[in-house]
Amino acid sequence: EALSLAGHEDLVVLDAQDWKIIPAENMIASYQPTRTRLLAVVSTSMEAKVLLETLEVGTDGVVLRTSSPSEPLAMWKLLQNRDLPHETLTECEVTSVTSVGMGDRVCVDTCSLLGEDEGLLVGSAGQGLFLVLSEAARSDYIESRPFRVNAGPV
């Protein structure tokens, strides 16, 4: 069933309980020529390394599901040592703003303080991402909240 999703969904998460390599090889081969991003659920950084390198292409990413307190740090170290492509930001100009009324919004509170020139990339990888700066800048209306990014509407 998962193979039939290639090219029809933006994102598919592979969660193979027992066998991981063979399903991943089949999925990577099927998904590679499509726009569908494939993530694999892993429980260790070693599993992540294997799945990110399978068929010399690997999955587009991994989801770490673990109860081990040491695995997030091991995963971070693994990812720091990978040669990954970097996104290039391009400046754009907002030419108009249209009010659509009241609604729900998303605020992201981080675990660290962000500078005035730091924030989150918000949007869609397929449609465009925008750098939304943190609320670190001073304002006459509200105290600075350098841990928060007002990411936009739901």
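The text that follows walks through the structure, step by step, so that each part is easy to find. Remember, it's a predicted structure, so these values are computed and weren't measured experimentally. (Residues numbered from 1 in each chain as written. Predicted model: local features only at pLDDT ≥ 70, side-chain atom pairs only at ≥ 80, totals over all residues. Heavy atoms only, no water.)

**Considerations on helix H2 (residues 45-53)**
Inference 1: Those residues of H2 that sit buried are Ser-45, Ala-48, Leu-51 and Leu-52. An end-on view of H2 places all buried positions within 120° of arc, on one side of the element.
Inference 2: Lining the buried residues of H2 we find helix H1 (21-31), strand S2 (37-42), strand S3 (61-64) and helix H3 (71-80).
Inference 3: The positive-phi residue at the C-terminal boundary of H2 is Leu-55, with phi of around 60°. (Buried < 20%, exposed > 50% of the residue type's maximum accessible area, 1.4 Å probe, protein only. Helix = DSSP H or I, 4+ residues; strand = E, 2+ residues; numbered from the N terminus. Arc of directions from axis to C-beta. Contact = heavy atoms within 4.5 Å.)

**Observations concerning the environment of Val-122**
Inference 1: If you trace the backbone, Val-122 turns up in strand S5 (residues 119-124).
Inference 2: Remark: the alpha-carbon pair of Val-122 and Asn-150, spanning 28 residues in sequence, is separated by 10.0 Å.
Inference 3: Setting aside residues no more than four positions away along its own chain, Val-122 makes contact with Gly-128, Leu-129, Phe-130, Val-132 and Ala-151.

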